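Overview (structure and organization)
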Amino acid sequence: TLTLDAVSDFNLWNGRGAANLYRVELKIKQSGEVKDTVIEKTGFRTFSVEKHTSANDGAGFLLNGTAYPLYGTNYHTDKAGCASALTSEDYANDLALMDALKPTMIKFAHYTCAHSLLDYCDEHGIVAMLEIPWSRNFPASTSSIAAAYRANITSAMLNMLTEYGNHPSIVFWCFDNELGYSPTLGYNTDELHTFMADLYTRVKTLDPQRLVGAGFY
């Protein structure tokens, strides 16, 4: 992990119009010989959420210590005729439509997305929320699929962190979408809360800085 204390003389990733990015190159050497090289773009920023105590009090979502109102859209990466098998051209068309709104945030739902979409957010200063494909149901422990179901959710969540963690645009990790809306598999609220609390702890252990939540409307 590279922290702000470990680098100096940099410009912050500061939202639309000031999405400053830096090239990070990691080389693995053995006996002086380079065995592997990974190159990523990333940015440096801080963020927090503060409770409003009055109108126009400068609270809410703060990016680098300054109020940064979040507005934008939810993006399902699918299209009539090809489902989720979108092309780069499809993505470009969708992003052009969204950019007309000048969004400060995009929620990618309800599954992880192509790195190119997050690259776009990185480059345009758009805050992103990324979500795993967990929606509606949570089988009770009495269900024959409970153990495998929960293991799959945990794996998806932790893999998402390691796969996408270098994108500065990602501020929010999202657990789920509308849990409990259609509890058809023996839904148990207490078990769900216990499971989510444990998963939250595991996520914050891996990534203590980002915000973690759930998707509801």
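Use the structure listed above.
First things first, this report covers the structure right here in the doc. Position labels on residues start from 1 in each chain and follow its written sequence. Side-chain atom pairs in this predicted model are given and counted only at pLDDT of 80 or more, local residue features only at pLDDT of at least 70, and totals for whole chains, interfaces and linings cover all residues. Water and hydrogen atoms were dropped before computing side-chain values, which therefore reflect all heavy atoms in the structure.

Side note on the pairing of strand β7 (residues 105-108)
Stated formally: The cut-offs for exposure are 20% and 50% of the maximum accessible area for each residue type, with area from a 1.4 Å probe on protein chains only; residues under the lower value are buried, those over the upper are exposed, and the others partly exposed. Per the convention used, a helix needs a DSSP run of H or I reaching at least four residues, while a strand needs a run of E reaching at least two, with both numbered from the N terminus. A pair of strands is labelled paired if DSSP reports no fewer than 2 bridges between them. By the criterion used throughout, a crossover qualifies as right-handed when its path from the first strand across the helix to the second strand runs clockwise, the strands pointing away from the viewer.
Judged by which residues are buried, β7 turns out to be covered on both faces: Met 105 and Lys 107 on one side and Ile 106 and Phe 108 on the other are all buried. Pairing between strand β6 (residues 72-75) and β7: four bridges, direction parallel. By the bridge assignment for β7, Gly 72 is matched with Met 105. As for the winding sense of the linkage, the β-α-β connection from β6 through helix α1 (residues 88-99) to β7 is right-handed. Chirality of the crossover, the property in question, places the unit of β7, helix α2 (residues 115-124) and strand β8 (residues 127-131) among those that are right-handed.

Some details on the packing of α1 against α2
Basically, it comes down to this: For helices, the axis comes from a line fit to the C-alpha atoms of the stretch in contact; other axes are also lines fit to C-alpha atoms, and the angle between any two N-to-C directions lies between 0 and 180 degrees. Roughly parallel refers to an angle under 35 degrees, roughly antiparallel to one over 145, roughly perpendicular to one between 65 and 115, and oblique to any angle outside these ranges. Working rule for handedness: look at the near helix, and if it is turned counterclockwise from the far one by less than a right angle, call the crossing left-handed; if clockwise, right-handed. Contacts were defined at the residue level, with two residues in contact if any of their heavy atoms lie within 4.5 Å. Charged residues are taken to be Asp, Glu, Lys and Arg, nonpolar residues to be Ala, Val, Leu, Ile, Met, Phe, Trp, Tyr, Cys and Pro, and polar residues to be all remaining types, Gly included.
Here α1 crosses α2 at 30°, and the two axes come no closer than 11 Å. Here α1 lies roughly parallel to α2, going by the angle between them. Between α1 and α2 lies a crossing of right-handed hand. Listed contacts from α2 to Tyr 91, Leu 95 and Asp 99 of α1 are Ser 116, Leu 117 and Tyr 120. Split by residue class, the contact of α1 with α2 holds four nonpolar, one polar and one charged.

Things to note about helix α3 (residues 146-164)
To keep things clear, this is the line we draw: In this analysis, the expected span of each helix is defined as 1.5 Å times one less than the number of residues it contains. Arc definition: directions from the helix axis to the C-beta atoms.
Given a rise of 1.5 Å per residue, 19 residues ought to cover 27 Å, and the 27 Å separating the end C-alpha atoms of α3 matches this to within 8%. Residues Ala 146, Arg 150, Ile 153, Thr 154, Met 157, Leu 158, Met 160, Leu 161 and Tyr 164 constitute the buried set of α3. Along the axis of α3, the buried residues cluster in a sector spanning 160°; they form a single face. In α3, the exposed positions angled more than 90 degrees off the buried face are occupied by Ala 147, Ala 148, Asn 152 and Thr 162.

A look at the pattern of salt bridges
What counts here: For salt bridges, the criterion is a side-chain nitrogen of Lys or Arg within 4 Å of an Asp or Glu carboxyl oxygen.
This model, assessed by the stated rule, comprises nine salt bridges. Of the charged contacts in the structure, one is a salt bridge between Asp 90 and Lys 79, with a shortest N-O distance of 2.7 Å. Of the two residues, Asp 90 sits in helix α1 while Lys 79 sits in the loop between β6 and α1, which places them eleven residues apart along the sequence. As a salt-bridge pair, Arg 210 and Asp 207 come within 2.8 Å of each other at their nearest N and O atoms. Across the pair, exposure class does not vary: Arg 210 and Asp 207 are buried alike. Taken together, the salt bridges that share partners define one network made up of Arg 16, Asp 99 and Lys 102.

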